[in-house]
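Overview (structure and organization)
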Amino acid sequence: MFQLRVNEGVELRQFELADAEPCFESVDRNRASLREWLPWVDRTHSPADILDFLRKRAIPQYQARNGPSCGIWVGGQFAGSLGCHPIDWPNRSCALGYWLDERFRGRGLMTGCCAAFTDYLFRELKLHRIAVRCATGNHRSCAIPQRLGFRQEGIELEAEWVGGRWVDLLNWGILEHEWRRSASR
């Protein structure tokens, strides 16, 4: 099973069925802030909905070698999620998706997790390109790829229906050689 140590006390672990309960508790506790930017939150009403996602998407995606979907664990506590949408192997690319429990925000945790995960995807899986799509108004989420050296590639107008409104999505991307160059500085 995929596991990546980010730093002392912080790890990424491929979701397992047993993670449904702590994941749902975090989603439910953070529902107001998460639903502002993530369309799936309003469709997540119980641990069974998380189990369904794990059984039908996250675990089969990993088993098919199409990329990990991970829980973020800090000192043994569930803190959020980071994963890749299914890898496009012919083009060696994927997009990242992430969210964090409010209790763990504002400490650079997600930036560190995304850096370690991006490094893994480039070094170990030999991907060529990684993308991130964030709602233009979600400044905290957009700050992560910006801090990590991703470039803005464009805006998709009214690209996603979230919380009863259309949101524009800002596209970010980075190539493996750009990542390698920025990591050597």
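Just so it is clear, the structure is predicted and the values come from calculations on it, not from any experiment. (Residues numbered from 1 in each chain as written. Predicted model: local features only at pLDDT ≥ 70, side-chain atom pairs only at ≥ 80, totals over all residues. Heavy atoms only, no water.)

Points about the environment of Ser-182
We count it as follows: By definition, any uninterrupted DSSP run of H or I lasting at least four residues is a helix, any uninterrupted run of E lasting at least two residues is a strand, and each is numbered from the N terminus.
Assignment of secondary structure puts Ser-182 in helix α6 (residues 176-183). As for Ser-182 and Arg-105, which are separated by 77 residues in sequence, their C-alpha atoms are 25 Å apart.

So, helix α1 (residues 20-29)
Our working definition: A simple rule labels every residue: compare its accessible area, found with a 1.4 Å probe on the protein chains alone, to the largest value its type can have, and call it buried under 20%, exposed over 50%, or partly exposed in between. This arc is built from the directions going out from the helix axis to the C-beta atoms. Throughout, a contact is declared for two residues whenever any of their heavy atoms are within 4.5 Å.
When we look at burial in α1, the residues that qualify are Ala-20, Cys-23, Phe-24, Ser-26 and Val-27. The buried residues of α1 all sit within an arc of 160° when viewed along its axis, so they share a single face. Buried-residue contacts for α1 involve α2 (31-35), α3 (47-63), β4 (77-84) and β5 (93-100).

Regarding the pattern of salt bridges
Defined as follows: Each reported salt bridge corresponds to a side-chain nitrogen of Lys or Arg within 4 Å of a carboxyl oxygen of Asp or Glu.
For the coordinates displayed, the defined rule picks out 14 salt bridges. Between Arg-13 and Glu-11 there is a salt bridge, with its nearest N and O atoms 2.9 Å apart. For Arg-29, the salt bridge identified is with Asp-101, shortest N-O distance 2.8 Å. On the criterion of sequence distance, the pair formed by Arg-29 in helix α1 and Asp-101 in the loop between β5 and α4 (109-123) is long-range, its members being 72 residues apart. Given the relative accessible area of 44%, Arg-29 is considered partly exposed. A network of salt bridges, in which partner residues are shared, links Arg-129, Arg-151, Glu-153 and Glu-178.

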